[in-house]
There are 2 protein chains.
Amino acid sequence: MSYRRINRIPDDWGTAVNVQQMVFGNRGDTSCSGVAFSRDEITGEATPSGDFLPNAQGEDVVSGVRTPRDLHDMRKSMPEAYGVLMEILRTLERHYRDMQDTEFTVEDGRLYMLQTRNAKRPAQAAVRFAVDAVSEGLLDKRAAIATIDAGRLDALLHPTFARDAEFDVLAEGVAASPGAAKGAIVFTADAAVAAAEDGRKVILVRPFTEADDVAGFHSAEGILTSEGGKASHAALVARGMGKPCVSGAAALEIDVAAKEVRVGDTRLREGDLIALDGTAGLVTTDDVPLQDPEVSEHFETVLAWADELRILGVRSNADTPEDARKARQFGAEGIGLCRTEHMFMAADRQPRMRAMIMAESEEDRRRALDELLPLQQQDFQGLFEEMRGLPVTIRLLDPPLHEFLPSAEEVAGELERARIEQSDDLDELERTLERVHALAETNPMLGTRGVRLGVLHPEIYEMQVRAMVRAAESVGEAPRLEIMIPLVAYEKELELMRGFVERVVEEEVKGLEVAVGTMVELPRACFVADRIAGVADFFSFGTNDLTQTALGFSRDDVEGKFLARYLETRIVDRSPFETIDKPGVGWLVRLAAWTGREAKPGLGLGICGEHGGDPESIAFFHMAGLDYVSCSPYRVPIARVAAAQAAAGDQ
Amino acid sequence: MSYRRINRIPDDWGTAVNVQQMVFGNRGDTSCSGVAFSRDEITGEATPSGDFLPNAQGEDVVSGVRTPRDLHDMRKSMPEAYGVLMEILRTLERHYRDMQDTEFTVEDGRLYMLQTRNAKRPAQAAVRFAVDAVSEGLLDKRAAIATIDAGRLDALLHPTFARDAEFDVLAEGVAASPGAAKGAIVFTADAAVAAAEDGRKVILVRPFTEADDVAGFHSAEGILTSEGGKASHAALVARGMGKPCVSGAAALEIDVAAKEVRVGDTRLREGDLIALDGTAGLVTTDDVPLQDPEVSEHFETVLAWADELRILGVRSNADTPEDARKARQFGAEGIGLCRTEHMFMAADRQPRMRAMIMAESEEDRRRALDELLPLQQQDFQGLFEEMRGLPVTIRLLDPPLHEFLPSAEEVAGELERARIEQSDDLDELERTLERVHALAETNPMLGTRGVRLGVLHPEIYEMQVRAMVRAAESVGEAPRLEIMIPLVAYEKELELMRGFVERVVEEEVKGLEVAVGTMVELPRACFVADRIAGVADFFSFGTNDLTQTALGFSRDDVEGKFLARYLETRIVDRSPFETIDKPGVGWLVRLAAWTGREAKPGLGLGICGEHGGDPESIAFFHMAGLDYVSCSPYRVPIARVAAAQAAAGDQ
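Residues numbered from 1 in each chain as written. Chains lettered and ligands numbered in written order. Predicted model: local features only at pLDDT ≥ 70, side-chain atom pairs only at ≥ 80, totals over all residues. Heavy atoms only, no water.

Student: Go over unusual backbone geometry with me, naming the residues and quoting the values.
Tutor: One non-glycine residue, Lys 259 of chain A, lies in positive phi territory at about 50°. Position of Lys 259 of chain A relative to the elements: it lies in the loop between β13 (253–255) and β14 (260–263). Residues other than glycine seldom take positive phi values, yet Gln 422 of chain B does so here, at roughly 45°. Residue class for Gln 422 of chain B comes out exposed when judged on its relative accessible area of 69%. (Helix = DSSP H or I, 4+ residues; strand = E, 2+ residues; numbered from the N terminus. Buried < 20%, exposed > 50% of the residue type's maximum accessible area, 1.4 Å probe, protein only.)

Here is the structure:
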């Protein structure tokens, strides 16, 4: 791994060193230029001067024109300069209280320092440095943790391509979810499920993914799409599951109908091997060896310190027992968001869910719900067993019902064919299309979903509440149930649903205590947070939807359509779905947190959007006074470290 | 017209009157019960007692079981009691300073007053009372205007069913846009356009309407839909144009393909007569005579007083010269919103607009834009001629481009057919479907529209700016041009577009002054209003979209899907698209108005959402310190009166 960067000279470096002079001058065995790191893990590189062009000695190192040699070689060839360099590096490290990335030049045996700065470093080195710095007395725990770039710790938690692997890049895409994976190409969720049942490892390859592809995510090693960015459906779901994903690999022409991927002259078919690195956004057809993550003792030490220092709690978003187990292993203190709809996406649930939606009478709907109840109960049981004694926040059904049906376009095409061929399916297809039309919405994100479903079809929420209470009762040491009503804008919505939920709970188990709260994810809710707090035990900020509404950015549309241009023109510095937009979304969070808690001092406050795993956003939530962040299992260690850094920042 | 209501006894009526006693007692020629109004325009009704059941004398009047007689009859039969009643009515009117709606009973010749309250009255009577009250010295102008229910003035500005007309109601729907209309049924915009060209009067009848039906709105007398409520596309566009509309007449089964409307056993076909009353939400197949609105001298007097009293300016939303003329007639002081996209919907523009969108190179796109430029210039010229000397705010293209293309479902069906029939259109259809897919968005309201289009395709905005500057130059006395950039969330968006617009203006006419501002319609924009104000000459609040985003309510989806249930369960009292949601949307408006003007004291502040024509919302905008409201032409007189009432409320 080589570090080649053009660095500016720090302002505080002063004028003691004349850079021009360093780079000119004589050549010979007693001259070289290089980059040195103040720690052994990264040895740095030096390039002995030879036939250099004038003025280029330093630049050649930086630009990578010369192949540099390991710094250890310098010890042999220029022991004196090397010794001085090492001494200076130690001094610099003590001064800056961080590992240094330094450029230097040696001319006629004399060492000149060109510049220094805090070193960017891979996660493993960062963790190692923090532990060493404390044991050497260079830094205290607080300061040591502050030197870690928490966002990079991800790399320690996923398999990677073997460090020395050489491979040809077939396509580059967005590094949508970290980790590396390889397997045979499949084009549909069904094929992925079938392959997993046969024990075959596959990569799910699609132009883009939708809700009904999620079953395939569980079965695949990784996900590869040709469309969409870091906030695409594929990216979000993959990150949530900790599955490696490369999205928006635009060079790939993915023809699902023909079961073929075309890249220039290359044609790949179902079953062909493909490998992807979701940390770097690379795709290859080479059989690259994978390397398991090394969760070192050092890392455990750092995490233990983080837990001592942090004030923010860290929970995890988890929909399945596997997620919950992983989350607990990574140190989650509860589940901050269990999305119950993912339970309806599984292959054995979908037909029942569709029957429920297609039901023409309440009786038919209740019958379909009765069949779903034991399945959902079973899902909850698995989850609760993993989370004994810890709080578990369960969100009642949130997405619009049409997400569980095929698309109008799909049905219309089938229908046209059925008409021409006078098929027997005609009636059924017409009925389906009618229902799809009736449920269709222009802007489903702002349509009939969340609490609005609960108000319209309380029988769905009723089934869910019964399932979770029965599941909690059947587990020895029950978790602390927190029932969350999504998308509340009016206090009356929550009041109605709270009354309803409490009645159902009481019917199931007399006197059982459950907390009832809401997901705060609409700007209006933030403005009337004091009123909503009157009927809520807790708020959990849904910063994904709050970002969508406050900015008018549909997550599904924005990344693919114009975010790239917005980054290019510097309208935004970063996707607001990665790091919270402080002036807009951030203010809404603060407003709701403050006024909500003013109205009810004991109000629980958490955040369960994607931002819960982003260090910069975590620092913001710490300042806003929230109780905890909840993020995907694989980001829990990151959140623990980031929360500690945020707390350290208060000092 | 009869007034039958069960009124509660006002608290301040005291115990002087024993109501039970009034309603019991003897019957005979010297007894009656009735409702009296304190003004001649509404004479009131009295029911002589006869074979009444005990305890029912008053209730029978109120419930309408008895057919009451005109109060003038009482003058003859009980002149004494009548005289006393009239005297009491005058006293009550002086006391309450408003016209009274009073219940009384006469028993054995003795008059008992049962209750009184300020009278609900039709618009005409209200206007008449206000003028009389001032000329009689009962009230001053301020107080007289306060007695008018501004929202009802609408009725004075549209044709109605003749007052005495009898007709059978075929269906009831939502009173979506006031006024009555009748004509032959047509099912498509094209048929409406063709009929209008032949001079035939038609009603456009559709299950629901979409952007590409708008051409048909202009040609039809009225619009009738079976789906959607008061905020449906049909309702909004019709109200904007002042066309009568009944929406959501659910009893109608409208089969566009079969060109048939079914209601029970009745079948109506294209060309059959239909009449609708958009003020009452009624549909009939009877040939009801229509009655023209009577814009009385009294009304003119009231409007003149309103203009003296009000502080808020009143502008109109207008997209065509016809709208602008109507708006100016009704007293608009400028155009607050000209939606340029409506210009692209006209039949002769759509193919060119589609060519622009389907263009595969910038060159092709510019060619298509070059063809659109003179058409758009011509549209602006017509508008500017009507608005000489007044401010005209023109919004650059706002809706997502796919709105100008057919739906994916439509194309998919055609494509399937073309495939089976091996048609020649196959390639073209495939290309179209591909483009439709590429432009498709999950939530178009939150997608690639507004300023985002300007950032992605500046050539579209360029064409529009050139067209408007050239049009302004060609009109003798040019209007004051205000160019409005929609959907801004980041100050940088406006900064970029402002620079771009100013360059184009400068290229066309050196030194021409135009104001550049933005539509404030996203919550984020309100939070960073101070920064945005730094690069804006004015803000115009787009409260429609601000309501959609702040509440997470997609206008197109909410009314049809769950608003009825929300009203039923009292979650909301009124549609937030009719009257501004003060706690949420209202706060955002205040926040942006205050911080925006703090950053730039001379910042212009207006509002151009539907709320600009709603009296309660107008009172709010007055308090928030805005400069003007802008509403559809037909609501301008309402806004003038409401603004005066708001100003009077300050006293």
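Next comes the rest of the account.
Student: Account for the pairing of strand β9 (residues 180–186) of chain B, naming residues and giving values.
Tutor: Residue and element names in this part refer to chain B. The element β9 is largely enclosed, with a buried count of six among its seven residues. For β9 and strand β16 (residues 273–277), the ladder comprises five bridges, and the chain directions are antiparallel. Opposite Ala 181, over in β16, you have Leu 276 as the bridge partner. (Pairing = 2+ DSSP bridges.)

Student: Give me the environment of Leu 456 of chain A: which residues, what numbers.
Tutor: Relative to the assigned elements, Leu 456 of chain A resides in helix α17 (residues 451–456). Separated by 325 residues in the primary sequence, Leu 456 of chain A and Val 131 of chain A have C-alpha atoms spaced 56 Å apart. Non-local contacts of Leu 456 of chain A, meaning those with residues more than four positions away in its chain, are made with Thr 448 of chain A together with Lys 561, Phe 562 and Arg 565 of chain B. (Contact = heavy atoms within 4.5 Å.)

Student: Go over helix α10 (residues 297–309) of chain B, please, and point to the residues and values.
Tutor: Residues and elements named next belong to chain B. With 13 residues, α10 should reach 18 Å at 1.5 Å per residue; the first-to-last C-alpha distance of 19 Å fits that figure. Residues Phe 299, Val 302, Leu 303, Trp 305, Ala 306 and Leu 309 constitute the buried set of α10. One face of α10 carries all of its buried residues, which in axial projection span an arc of 160°. The exposed set on the far side of α10, more than 90 degrees from its buried face, consists of Glu 297 and Glu 308. Close packing links the buried residues of α10 with α5 (123–135), α6 (141–146) and α26 (636–649). (Expected span 1.5 Å × (residues − 1). Arc of directions from axis to C-beta.)

Student: So what's going on with the relation of the copies chain A and chain B? Which residues, and what values?
Tutor: Laying chain A over chain B is done by rotating through 180° and shifting 0.0 Å along the axis; what remains is an RMSD of 0.1 Å. One copy is carried onto the other by what is essentially a two-fold rotation axis. Interface overlap between copies is the fraction of interface residues in one copy that are interface residues in the other; for chain A against chain B it reaches 100%, indicating a shared surface. (Least-squares fit on C-alpha atoms with pLDDT ≥ 70 in both.)

Student: Can you explain the interface of chain A and chain B? Please cite residues and give values.
Tutor: Where interface size is given, it is often the accessible area lost as the parts come together that is meant. Every contact between the two is made by 60 residues of chain A and, on the other side, 60 residues of chain B. When chain A packs against chain B, close to 5200 Å² is buried across both sides, 59% of that on carbon and sulfur atoms. Our count for the contact surface shared by chain A and chain B stands at four salt bridges. Across the salt bridge formed by Asp 581 of chain B and Arg 524 of chain A, the nearest N and O atoms sit 2.7 Å from each other. (Buried area = accessible area lost by both parts, 1.4 Å probe. Salt bridge = Lys/Arg side-chain N within 4 Å of Asp/Glu carboxyl O.)

Student: Could you give me a rundown of the pattern of salt bridges, with the residues and numbers involved?
Tutor: Residues and elements named next belong to chain A. If you walk through the whole model with that rule in mind, you get 93 salt bridges over all chains. Note that Arg 352 is salt-bridged to Glu 371, the shortest N-O span being 3.2 Å. On the criterion of sequence distance, the pair formed by Arg 352 in helix α13 (residues 350–358) and Glu 371 in helix α14 (residues 362–386) is long-range, its members being 19 residues apart. Salt bridges sharing partners connect three or more residues here, namely Glu 362, Arg 366, Glu 462, Arg 466, Arg 470, Glu 507 and Glu 508.

Student: Give a description of the sheet that holds strand β14 (residues 260–263) of chain B that names residues and reports values.
Tutor: Residue and element names in this part refer to chain B. One open sheet accounts for three strands, arranged β13-β14-β15; its pairing is antiparallel. Each edge of the sheet is formed by a strand with only one pairing partner; in this case those strands are β13 (253–255) and β15 (266–269). Mean inter-strand twist for the sheet, computed between neighbouring axes without regard to direction, equals 20°. Relative to β15, β14 is paired through four bridges, and the arrangement is antiparallel. When the bridges of β15 are listed, Val 263 appears paired with Thr 266. (Axes fitted to C-alpha atoms, helices over the stretch in contact; angles between N-to-C directions.)

Student: Give me the lowdown on the environment of Ala 599 of chain A, citing residues and values where you can.
Tutor: Residue and element names in this part refer to chain A. Its place among the elements puts Ala 599 in helix α24 (residues 582–599). Classification of Ala 599 as partly exposed rests on a relative accessible area of 44%. Taking the C-alpha atoms as reference points, Ala 599 and Ile 532, separated by 67 residues in sequence, lie 9.1 Å from one another. Once residues lying within four places of it in the same chain are set aside, the contact partners of Ala 599 are Asp 530 and Ala 533.

Student: For the side chain of Glu 416 of chain A, give the residues involved together with the corresponding values.
Tutor: Note on placement: Glu 416 of chain A falls in helix α15 (residues 408–420). Given a relative accessible area of 13%, Glu 416 of chain A falls into the buried group. Among all residues touching Glu 416 of chain A, those that are not within four sequence positions of it are Gly 413, Glu 416 and Arg 417 of chain B.

Student: Lay out the state of the cysteines with the relevant residues and their values.
Tutor: Inspection of every chain in the model, using the stated rule, returns zero disulfides over all chains. This cysteine, Cys 245 of chain A, is not joined by any disulfide, and Cys 631 of chain A carries the nearest cysteine sulfur, 18 Å off. The cysteine Cys 338 of chain B is free of any disulfide, with Cys 608 of chain B supplying the nearest cysteine sulfur at 11 Å. (Disulfide = S-S within 2.5 Å.)

Student: Mind laying out the environment of Ser 135 of chain A, listing which residues take part and the relevant values?
Tutor: Residues and elements named next belong to chain A. Residue placement: Ser 135 occurs in helix α5 (residues 123–135). In this structure Ser 135 comes out as exposed when scored by relative accessible area, which is 60%. On a C-alpha basis, the gap between Ser 135 and Ser 617 in space is 30 Å, while along the polypeptide they are 482 residues apart.

Student: Would you mind going over helix α7 (residues 189–197) of chain A in detail, with residue names and values included?
Tutor: All names here are of chain A. Taken together, the buried positions of α7 are Ala 189, Ala 191, Ala 192 and Ala 195. The arc that holds every buried residue of α7, seen down its axis, measures 160°, which confines them to one face. Residues of α7 that are exposed and point more than 90 degrees away from the buried face comprise Asp 190 and Glu 197. As for α7, its buried residues are in contact with β9 (180–186), β10 (202–206) and α8 (214–219). The positive-phi residue at the C-terminal boundary of α7 is Gly 199, with phi of around 80°.

Student: Please give an account of the packing of helix α25 (residues 615–624) of chain A against helix α26 (residues 636–649) of chain A that cites residues and values.
Tutor: Residue and element names in this part refer to chain A. At a minimum axis separation of 9 Å, α25 and α26 run at an interaxial angle of 50°. It follows from the interaxial angle that α25 and α26 lie oblique. Handedness of the α25/α26 crossing: right-handed. Facing α25, whose interface residues are Pro 615, Ile 618, Ala 619 and His 622, α26 presents Ile 638, Ala 639, Ala 642, Ala 643, Ala 646 and Ala 647. Looking at the contact of α25 with α26, its residues break down into nine nonpolar, one polar and no charged. (Parallel < 35°, antiparallel > 145°, perpendicular 65-115°, else oblique. Left-handed = near helix turned anticlockwise from the far one by under 90°. Nonpolar A, V, L, I, M, F, W, Y, C, P; charged D, E, K, R; others polar.)

Student: Mind laying out the sheet that holds strand β22 (residues 480–485) of chain B, listing which residues take part and the relevant values?
Tutor: Residue and element names in this part refer to chain B. The parallel closed barrel is built from eight strands, whose spatial order is β19-β20-β21-β22-β23-β24-β25-β26. On average, adjacent strands in this sheet sit at an angle of 25° to one another, irrespective of strand direction. Sheet analysis places strand β19 (residues 313–317) next to strand β20 (residues 335–339), joined by two bridges and oriented parallel. Across the sheet, Asn 317 pairs through a bridge with Leu 337, a residue of β20.

Student: How would you sum up the side chain of Asp 323 of chain A? Please name residues and give values.
Tutor: Take Asp 323 of chain A: it is sitting in helix α11 (residues 321–329). Those residues within four positions of Asp 323 of chain A in sequence are excluded, and the remaining contacts are Ala 318 and Pro 633 of chain A.

Student: How would you sum up the packing of aromatic side chains? Please name residues and give values.
Tutor: For the structure shown, the criterion picks out 22 aromatic pairs over all chains. With a centroid separation of 5.5 Å and an interplanar angle of 80°, the aromatic rings of Phe 553 of chain B and Phe 562 of chain B are classed as edge-to-face. Judged on exposure class, the residue Phe 553 of chain B and its partner Phe 562 of chain B are both buried. Consider the rings of Trp 587 of chain B and Trp 594 of chain B, whose centres lie 5.9 Å apart with planes at 90°: the pair is edge-to-face. Classification of Trp 587 of chain B as partly exposed rests on a relative accessible area of 36%. A relative accessible area of 45% means that Trp 594 of chain B is categorised as partly exposed. Through pairs of rings, three or more aromatic residues link up here, namely Tyr 490 of chain A together with Phe 553, Phe 562 and Tyr 566 of chain B. Here the basic side chain of Arg 315 of chain A rests over the ring of Tyr 628 of chain A, its NZ or CZ set 3.9 Å away from the ring centre. The ring of Trp 587 of chain A has Arg 590 of chain A sitting right over it, with the charged end atom 4.7 Å from the ring centre. (Phe/Tyr/Trp six-rings, centres within 6.5 Å; stacked < 30°, edge-to-face > 60°. Lys NZ or Arg CZ within 6 Å of the ring centre and 35° of its normal.)

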